[in-house]
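Each chain, written out:
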Amino acid sequence: MISIGIDIGSVSTDVVVMDEKNRILDDRYIRNFGKPIQTSLNILCEFMDTYGADAIARVTYTGTGGKLMAHLSGGFFVNEIIAQAKAVTTLYPEVRTIMDIGGEDSKLIHLEEEGGSVKIRDFSMNTLCAAGTGSFLDQQATRLGYKIEELGEIAMQSENPPRIAGRCSVFAKSDMIHLQQIATPDKDILAGLCYALARNFKSSIGRGEEFRRPIAFQGGVAANVAMRRAFTDVLKLKEGELIIPEHFTSMGAIGSVLQGVEEGITTGAPNLKAIRDYLQKVERDDKPMEPLVLSSLHSKEENPPVFSDTRGT
């Protein structure tokens, strides 16, 4: 029997398949391009064909779109803070702080040992602002003509990262324009962006709290080697104090499965028909409105009359 865990985020859908011994059989990071439900349906169909409906013991969800998918498919939903912490405390019990940075969400989770087990002590998340998330890096890298996948390797070539405002994307853009005007190399600007995000995370989301070591850094942004360097420098970490989990993009999905197993949840195979019906309904209801016009005359007459200003006559 297998378990399927799905973490539905704003940018990606992260999926794992785990066996009865909680070993990871498959791990996927899938860009959803604004269609998280359709992306989840596609991967569920693939796994149904690969493993068969009878082999699926449970399907668990977490993330921003997880609750809707759990409702539609008959799955089990796990809060994303609980899911992230569950994965880390199980796989990396020595960790005391979790930094999870995705496309549009950032989380900081503080852990502590209590009664022989590691539990959540406190947590904080970002506000509805791109600054401090993967979207911040993506937007600014695109301005310079680079793909987000290229950013890390190029930024690692920098030896003198300039200081860039990280609290606001607008201020960051202003700093970048100034740096370009004085002929600052792109590698230095990109490195400066990484340090700006790290400083912003420490101040805005950390809020003065101690980052107890070791620290787990996960989420899609953890793939960026320059961000790993920036956090190591900004938090003044020693070697071995920053841990990058093997499955750093899928820790939420793993945690949702582990939580489901612990609670004895058995959902069986997902209800794919309910998901398809929902998508068809959304497509039917999603009808664009008629184009706006200045007046009804514009839509009826090819050459509407011109009205002159007769004030004062």
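Our subject in this report is the structure included herewith. (Residues numbered from 1 in each chain as written. Predicted model: local features only at pLDDT ≥ 70, side-chain atom pairs only at ≥ 80, totals over all residues. Heavy atoms only, no water.)

Time to look at the pairing of strand 9 (residues 215-218). The side-chain alternation of strand 9 yields two buried faces, one formed by Ile215 and Phe217 and the other by Ala216 and Gln218. As defined by bridge partners, strand 6 (residues 97-101) adjoins strand 9 across 4 bridges and the pair is classed as parallel. The partner of Ile98 across the bridge, within strand 9, is Ala216. By the bridge criterion, 2 bridges tie strand 9 to strand 10 (residues 242-243) in an arrangement that is parallel. Note on strand 10: the bridge partner recorded for Ile215 is Leu242. This β-α-β element, strand 9 to helix 8 (residues 225-234) to strand 10, shows right-handed connectivity. (Buried < 20%, exposed > 50% of the residue type's maximum accessible area, 1.4 Å probe, protein only. Helix = DSSP H or I, 4+ residues; strand = E, 2+ residues; numbered from the N terminus. Pairing = 2+ DSSP bridges. Right-handed = clockwise from strand over helix to strand, strands pointing away.)

This model, assessed by the stated rule, comprises 4 aromatic pairs. Ring geometry for Phe201 and Phe231: centres 5.6 Å apart, planes at 85°, overall edge-to-face. Taken together, the residues Phe201 in helix 7 (residues 186-205) and Phe231 in helix 8 connect sequence positions 30 residues apart. With a relative accessible area of 0%, Phe201 lands in the buried category. Classification of Phe231 as buried rests on a relative accessible area of 0%. (Phe/Tyr/Trp six-rings, centres within 6.5 Å; stacked < 30°, edge-to-face > 60°.)

A grouping of Ile82, Ile120 and Phe123 is seen on the molecular surface, where their side chains present a nonpolar patch of about 250 Å² in accessible area. With respect to the secondary-structure elements, Ile120 resides in strand 8 (residues 117-125). (Patch = residues over 30% accessible without salt bridge, like charges linked within 9 Å, V, L, I, M, F, W, Y side chains within 5 Å. Areas by Shrake-Rupley, 256 points an atom, 1.4 Å probe, with all protein chains shown as cover. Salt bridge = Lys/Arg side-chain N within 4 Å of Asp/Glu carboxyl O.)

Reading across the sheet, the 5 strands line up as 3-2-1-4-5 and stay open at both edges, with mixed pairing between neighbours. The open sheet is flanked by strand 3 (24-31) and strand 5 (76-77), the only strands paired with a single partner. Two strands pair when backbone bridges link them, and strand 1 (residues 2-8) and strand 4 (residues 56-63) are joined in this way by 7 bridges, in the parallel orientation. Across the sheet, Ile2 pairs through a bridge with Ile56, a residue of strand 4.

Let us look at the side chain of Thr13. For Thr13, the location among the structural elements is in strand 2 (residues 12-18). The residues touching Thr13, leaving out its near neighbours within four places in the chain, are Ile6, Asp7, Ile8, Arg28, Tyr29, Ile30, Asn32, Pro36, Thr39 and Ser40. (Contact = heavy atoms within 4.5 Å.)

With that settled, consider the environment of Leu235. Looking at the secondary structure, you find Leu235 in the loop between helix 8 and strand 10. The spatial distance from the C-alpha of Leu235 to the C-alpha of Phe211 is 7.8 Å, given a sequence separation of 24 residues. In this structure Leu235 touches Met99, Lys202, Phe211, Arg213 and Ile215, once residues within four positions along its chain are discounted.

This part takes up helix 2 (residues 66-73). Inspection of helix 2 places Gly66, Met69, Ala70, Leu72 and Ser73 among the buried residues, and these make up the whole buried set. When helix 2 is viewed along its axis, its buried side chains cluster within an angular range of 165° and face the same direction. In helix 2, the exposed residues that point more than 90 degrees away from the buried face are Lys67 and His71. Contact partners of the buried residues in helix 2: strand 1, helix 1 (36-51), strand 4, strand 5 and helix 10 (272-285). Phi turns positive, to about 80°, at Gly74, one or two residues after helix 2. (Arc of directions from axis to C-beta.)

What follows concerns the sheet that holds strand 6. If you trace the 5 strands from one edge of the open sheet to the other, you get 8-7-6-9-10, paired in mixed fashion. Every interior strand has two partners, whereas the edge strands, strand 8 and strand 10, have only one. Sheet topology places strand 7 (residues 106-114) next to strand 8; 8 bridges connect them, and they run antiparallel. Note that in strand 8 the partner of His110 across the bridge is Asp122. Across the sheet, helix 3 (residues 80-91) lies against strand 6, strand 7, strand 8 and strand 9, angled at about 55° from strand 7, the strand it touches most. The sheet strands contacting helix 8 are strand 6, strand 9 and strand 10, and the helix crosses strand 9 at an angle near 150°. (Axes fitted to C-alpha atoms, helices over the stretch in contact; angles between N-to-C directions.)

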